[in-house]
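Structural overview for review
Given next are the chains, with one letter for each unit.
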Amino acid sequence: MTEKWVIVYEHHDGILICPTSTTVLPVHQRHNLVTFLFPAKCDRSLLEVGCGVGNLIFPLMEDEPNAFQKIYACDFSKNAIDFVKQHPLYDTSRVEAFEADITLTGAFNTLSDKVDVVTLIFVLSAIHPDKVLASLLNISTCLKPGGVILFRDYAVNDMTQIRFKPGHKIDQHLYMRQDGTRTLFFTVDKIKEIVQSAGLSVIDLCYVHSKTVNKREDIDLPRTFVQGKFCKNV
Ligand SMILES: C[S@@+](CC[C@H](N)C(=O)[O-])C[C@H]1O[C@@H](n2cnc3c(N)ncnc32)[C@H](O)[C@@H]1O
């Protein structure tokens, strides 16, 4: 099913960055998430997991050029990674993008070093529920002790869950979009359980409420996300 993401990027030729997540967290707001959750500016390294076409790293590099010395980005989709590599800010001395399926053991074997910060934004919701814990365990292997994961994803009872039409539900809190990609909705308790099962500590974890303006339907949709900061113990 993850292959559907490849098709989504093929259809859009990398131009429509990510059909869902850019509307819920505009690109020029997403790096605020990093500076808000991880305010220290330093010579540390960042890995954006499930980077799509780099909606977090490039705005971050533009607005906070010194926030990280080294930036890694990975995605399951080759098209997305090719797009990242063609971006004008893709400087191979500072940025390294690579294909990886985070559900697989050894997904990060090619990473040259462990990282200080991982961002995981609207990615776990794209993973099959049976593989979410394995994905977090894999991500944990590429974090330095004391390193953090900055997380945001769809919450249970978010408006998009409520608006799914009958026939799209696959399982509890798991739905199929029109384009064939899946989306999973989380509770704070579920994320806490998975994070702790992966041997990570929860530093912050809460629901975040915001609004998405739907110009076509001329409505403001109330949105609910789960946001958190998790730490790998020293
Ligand atoms: C909803 S998009 C979010 C993209 C980006 N983080 C953003 O916020 O714009 C989910 C991303 O996860 C990627 N993805 C899905 N399954 C994956 C897997 N098993 N391993 C790595 N990336 C995956 C998809 O290719 C897609 O780019």
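Structure: above.
Residues numbered from 1 in each chain as written. Predicted model: local features only at pLDDT ≥ 70, side-chain atom pairs only at ≥ 80, totals over all residues.

This paragraph deals with the overall build of the protein. Scanning the protein for helices and strands turns up 8 helices and 10 strands. Among the 234 residues that make up the protein, the fraction classed as buried is 40%. When contacts within the protein are restricted to residue pairs at least 6 apart in sequence, long-range pairs at least 24 apart make up 76% of them. (Helix = DSSP H or I, 4+ residues; strand = E, 2+ residues; numbered from the N terminus. Buried ≥ 20, exposed ≤ 12 C-beta atoms within 10 Å, placed from the backbone. Contact = placed C-beta atoms within 7 Å.)

With that settled, consider the sheet that holds strand β6 (residues 169–171). Read from one edge of the open sheet, 3 strands run β6-β7-β8, paired in antiparallel fashion. What marks the edges here is a single partner per strand, and that holds for β6 and β8 (182–184). Shown here is a sheet whose adjacent strand axes are inclined to one another by a mean of 30°, direction ignored. In terms of strand pairing, β6 meets strand β7 (residues 174–176) through 2 bridges, oriented antiparallel. The residue bridging Asp171 from the neighbouring strand is Leu174, located in β7. (Pairing = 2+ DSSP bridges. Axes fitted to C-alpha atoms, helices over the stretch in contact; angles between N-to-C directions.)

With that settled, consider unusual backbone geometry. Glycine aside, a negative phi is what most residues show, and trans is what most peptide bonds show. Phi angles above zero are rare outside glycine, and Phe122 is one such case at about 55°. Mapped onto the elements, Phe122 comes out in the loop between β4 (115–121) and α6 (132–141). The phi angle at His173 is positive, at roughly 65°, despite the residue not being glycine. Structurally, the position occupied by His173 is in the loop between β6 and β7. Residue His173 is classed as partly exposed on the basis of its 19 C-beta neighbours within 10 Å.

Strand order in the open sheet formed by 7 strands is β3-β2-β1-β4-β5-β10-β9, with mixed pairing between adjacent strands. The outermost strands of the open sheet, each flanked by one partner alone, are β3 (95–99) and β9 (200–214). For this sheet the average axis-to-axis angle between neighbouring strands, irrespective of direction, equals 15°. In the sheet, β9 pairs with strand β10 (residues 219–232) via 14 bridges, with the strands oriented antiparallel. Across the sheet, residue Val213 finds its bridge partner in β10, namely Asp220. Against the sheet, α6 engages β1 (44–49), β4, β5 (143–154), β9 and β10, with an angle of about 145° to β5. Here helix α8 (residues 188–197) sits on the sheet in contact with β9 and β10, set at roughly 145° to β9.

Our focus in this paragraph is the environment of Pro129. Along the polypeptide, Pro129 turns up in the loop between β4 and α6. Residues Pro129 and Asp171, 42 residues apart in the sequence, show an inter-C-alpha distance of 9.6 Å. Not counting residues up to four positions away in its chain, the partners in contact with Pro129 are Leu174 and Leu184.

Next up on the list: the pairing of β4. Burial of β4 is extensive: 7 of the 7 residues sit out of reach of the surface. Bridge analysis of β1 against β4 gives 4 bridges, and the strand direction is parallel. Residue pairing in the sheet places Leu46 in a bridge with Val117 of β4. Both β4 and β5 contribute to a ladder of 6 bridges, which runs parallel. Paired with Val118 across the bridge in β5 is Ile149.

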